[in-house]
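# Chains, contacts and geometry: an overview
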Amino acid sequence: GRHSMLPRHVQRLGRDWIAHWNGSQILALNSPVSSCMRWAGQYPWASFPLPAPADFSANWRLPPFFEPWRQLQNSNWQLDNFTQSSCFHLPNPSMKSEGEEPLTKKRRLSGQHDTSAPEEETNFSNQKEALCLSEEKHSSKKGTVKRHWEYFCQHSRTMKIFENKEADQNNTESEATFDFTVMSYNILSQNLLEDNSHLYKHCRQRLLIWTYRFPNILQEIKQLDADVLCLQEVQEDHYRTEIKSSLESLGYHCEYKMRTGRKPDGCAICFKTSKFSLISSNPVEFFRHDIPLLDRDNVGLVLLLQPRFHCKTNAAVCIANTHLLYNPRRGDIKLTQLAMLLAEIASVAPQKDGTFCPIIICGDFNSVPGSPLYRFIKEGKLNYEGLAIGKVSGQEQFPRGQRILSIPIWPKKLGISQNCVYEIKQQQKEENAGQKLEAEKLDNTQEIVIASEKLSSKLQHHFKLSSVYSHYFPETGIPEVTTCHSRSAVTVDYIFYSAANDDTAAQPGAEDSYHGGLKLLGRLALLTEKDLWTVNGLPNENNSSDHLPLLAEFRLIER
């Protein structure tokens, strides 16, 4: 099975190590420590096989050769010597390439009927769980791993955030430009945490209660002080009773969309009223009772915001937030949900001159970098002919869902074209472009277009999107990580944005179709899997979600 298979380096270790128990207190190992061995506590389970003892004693201790690693782990060392452009790296990467990502997050999809891809519970060995609990019991309080800013512009305002200084509003440069920060953060719904407790066995129980977690999350939001917050897994009762009021007291206006059905969480977009005013709020429901494919309760939210500054043009910014379906074997649903979000953005973001206003898309996409879904977002096109539904998100190295995506993926009655726009909007755009044909010829042309579209295996969208993060540290190739818990450490969270032509941090894209664009000024650096396990993974005493917040600063560029 997927979860019973250990990584290759662990299998190699297993062949080299010989372990036996003397009573239940002594663990003797006859082979030298391998170069790829991790220190105890980095994983909630051991990186080598253990025999299953009949009586695992509560007083079991790690063997003597672990002591140097124990001392390093408990030394509470700080990482303060960063330069502004430095990157934080540690040796011995756990993932050497995109194809060797760790096993991914497994949530129980309770109440979600899926006959084509049945869910299977994963059983980890008693030995691994016992070692996890023993290590947690004997570990001392973990320190923090500091994240630093990476700058792409010398005059970035973000430098002042962590120096606890207020931005100089009288600065002559700020009068001529509009800079703002955007955060994307999956804050981990308490309901989902409790339903998936097997993902957090490495955590002390007191760290998992909401009364402990929420003050930490709020403090993180206050410290990072983003102008726009895109939050996922926001539990509705917590939002109503304390999250909304707490954020409003910090100067935010909040828009919220709860998941459909009986799901108690949703997505929120909150923005500083001192920086933006709301033009429109557009919720997107991915559930459609008349379309069997769309039987999941995920949602999205699209806001059109007006910056509060004087400029020659009536600039606006489109902010979208979503949390796509987790199920790794339902890539067909994921792509359809994404197409629905893109169609809503395409209907909200057009300007009077036919171009799009600057766009930022945040969220938990439950897809890894380099996957077909990820490439579709960045490249604006995807030929999915012959693509297995289990390979769309790249979450599983050996996907079980081998059914091929149908052509087209979603039925025509959804009302969204293969170009990821509402079909009515697309027809209006063609008419406005001056395509004036006789009534009979127009009808025939539309029939031909629709017929060819049904047979087409090519998806497209018209946005020129770049990713704020590069997903791998350039000097070492070690992957960045946005989520880390007992069974996974991987990137699934993203901030995509429409880059201005002169944005040196942006990746090459399609032709410019924007009214101006966004220039990436800086970002809060991510961490490696190894970094996070030095503080016992996520959640921990200081970080109370199983995801890291993503944060970027942009400059609005006018054409």
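Residues numbered from 1 in each chain as written. Predicted model: local features only at pLDDT ≥ 70, side-chain atom pairs only at ≥ 80, totals over all residues. Heavy atoms only, no water.

So, on to the packing of aromatic side chains. By the definition in use, this model includes 15 aromatic pairs. Centre to centre, the rings of Phe365 and Phe496 are 5.6 Å apart; their planes meet at 80°, and the pair counts as edge-to-face. Within this pair, whereas Phe365 is found in the loop between strand E11 (359–364) and helix H10 (372–379), its partner Phe496 is found in strand E17 (residues 493–498), the two being separated by 131 residues in sequence. Taking relative accessible area as the criterion, Phe365 reaches 0% and is therefore assigned buried. Ring centres of Tyr494 and Phe496 lie 5.3 Å apart, and the angle between their planes is 20°; on these two criteria the pair is classed as stacked. Accessibility assignment for this pair places Tyr494 and Phe496 in one class, buried. One aromatic cluster is present, formed by Phe178, Phe180, Phe276, Phe309, Tyr497 and Phe554 through successive ring pairs. The ring of Phe178 has Lys275 sitting right over it, with the charged end atom 4.8 Å from the ring centre. (Phe/Tyr/Trp six-rings, centres within 6.5 Å; stacked < 30°, edge-to-face > 60°. Helix = DSSP H or I, 4+ residues; strand = E, 2+ residues; numbered from the N terminus. Buried < 20%, exposed > 50% of the residue type's maximum accessible area, 1.4 Å probe, protein only. Lys NZ or Arg CZ within 6 Å of the ring centre and 35° of its normal.)

What follows concerns the sheet that holds E11. Strands belonging to one sheet form pairs held by backbone hydrogen bonds; the direction of such a pair is parallel or antiparallel. Spatially, the six strands line up as an open sheet ordered E8-E9-E10-E11-E17-E14, and their pairing is mixed. Two strands close off the open sheet at either side, each with one partner strand: strand E8 (276–285) and strand E14 (465–467). For this sheet, the mean angle separating the axes of adjacent strands, direction not counted, is 20°. Note: strand E9 (residues 299–307) against strand E10 (residues 317–323), six bridges, orientation antiparallel. (Pairing = 2+ DSSP bridges. Axes fitted to C-alpha atoms, helices over the stretch in contact; angles between N-to-C directions.)

Here Leu405 shows up in the loop between strand E12 (381–383) and helix H11 (423–432). Since its relative accessible area comes to 5%, Leu405 is described here as buried. Here the alpha-carbon distance between Leu405 and Ile389, two residues 16 residues apart in the chain, equals 5.7 Å.

Moving on to the sheet that holds strand E4 (residues 178–186). Judged by pairing direction, the sheet is mixed, and its seven strands sit side by side in the order E3-E18-E19-E4-E5-E7-E6 without closing on themselves. Here the strands that pair on one side only, and so sit at the sheet edges, are strand E3 (149–151) and strand E6 (252–258). Averaged over all pairs of adjacent strands, the angle between their axes in this sheet comes to 25°, without regard to strand direction. By the bridge criterion, seven bridges tie E6 to strand E7 (residues 265–272) in an arrangement that is antiparallel.

Let us look at the side chain of Ser393. Summarising the element assignment, Ser393 is placed in the loop between E12 and H11. A polar atom in the side chain of Ser393 sits 2.6 Å from the side chain of Gln395. Apart from residues no more than four positions distant in its own chain, Ser393 is found in contact with Pro328, Lys334, Asn366, Ser367, Val368 and Ser371. (Polar contact = N/O pair within 3.5 Å; in protein donor to acceptor, adjacent residues only side chain to side chain. Contact = heavy atoms within 4.5 Å.)

Turning next to the side chain of Glu255. One can find Glu255 in strand E6. In this structure Glu255 is buried but unpaired, with Lys244 as the nearest side chain of opposite charge at 8.2 Å. Here Ser281 takes part through its side chain, which lies 3.0 Å from a polar atom of the side chain of Glu255. Not counting the four nearest positions on each side in its chain, Glu255 is found in contact with Tyr239, Cys267, Ala268, Ile269, Leu278, Ser281, Leu301 and Leu303. (Lys, Arg positive; Asp, Glu negative; His and termini not counted. Salt bridge = Lys/Arg side-chain N within 4 Å of Asp/Glu carboxyl O.)

Bringing the pattern of salt bridges into the picture now. Throughout the structure, instances matching the rule amount to 15 salt bridges. Across the pair Lys257 and Glu285 runs a salt bridge, and its minimum N-O distance is 2.6 Å. Within this pair, whereas Lys257 is found in strand E6, its partner Glu285 is found in strand E8, the two being separated by 28 residues in sequence. On the accessibility criterion, Glu285 (40% relative accessible area) is partly exposed. Of the charged contacts in the structure, one is a salt bridge between Glu396 and Arg329, with a shortest N-O distance of 3.3 Å.

Residues Phe180, Val228, Leu229, Leu247, Ile360, Tyr497 and Phe554 are the most contacted members of the largest nonpolar core, which totals 63 residues. Looking at which element gives the most residues to this core, the answer is helix H7 (residues 210–224), with six residues. Beyond its immediate chain neighbours, meaning those up to four positions away, Leu229 contacts Met183, Ile221, Leu247, Tyr252, Ala268, Ile269 and Cys270. Counting 50 residues, the second largest nonpolar core, distinct from the first, contains Phe376, Trp410, Leu414 and Val421. (Core = buried A, V, L, I, M, F, W, Y, C linked by side-chain atoms within 4.5 Å.)

The contact between helix H9 (residues 331–348) and H10 brings their axes to 11 Å, and the two run at 20°. Accordingly, the angle class assigned to the pair H9 and H10 is roughly parallel. As H9 runs across H10, the sense of the crossing is right-handed. Only Leu373, Phe376 and Ile377 of H10 make contact with H9, whose side of the interface consists of Lys334, Leu335, Leu338 and Leu342. Among the residues forming the contact of H9 with H10, the class breakdown is six nonpolar, no polar and one charged. (Parallel < 35°, antiparallel > 145°, perpendicular 65-115°, else oblique. Left-handed = near helix turned anticlockwise from the far one by under 90°. Nonpolar A, V, L, I, M, F, W, Y, C, P; charged D, E, K, R; others polar.)

Another aspect to go through is the state of the cysteines. Applying the stated criterion across every chain yields a total of zero disulfides. Take Cys357: it sits in no disulfide, and the sulfur closest to it among the cysteines is that of Cys318, at 5.3 Å. Taking the relative accessible area as the measure of exposure, Cys357 reaches 1% and is therefore buried. (Disulfide = S-S within 2.5 Å.)

Now for helix H8 (residues 236–249). For H8, built from 14 residues, the straight-helix expectation of 20 Å at 1.5 Å per residue is met to within 8% by its first-to-last C-alpha distance of 18 Å. Along H8, the helix axis deviates most sharply at Glu242, where the bend reaches about 40°. Taken as a whole, H8 has its buried residues at His238, Tyr239, Ile243, Ser246 and Leu247. Structurally, H8 contributes buried residues whose contacts are with helix H6 (190–195), H7, strand E5 (228–235), E6 and E7. Phi turns positive, to about 95°, at Gly251, one or two residues after H8. (Expected span 1.5 Å × (residues − 1). Bend = angle between axes of the 7 residues up to and from the residue.)

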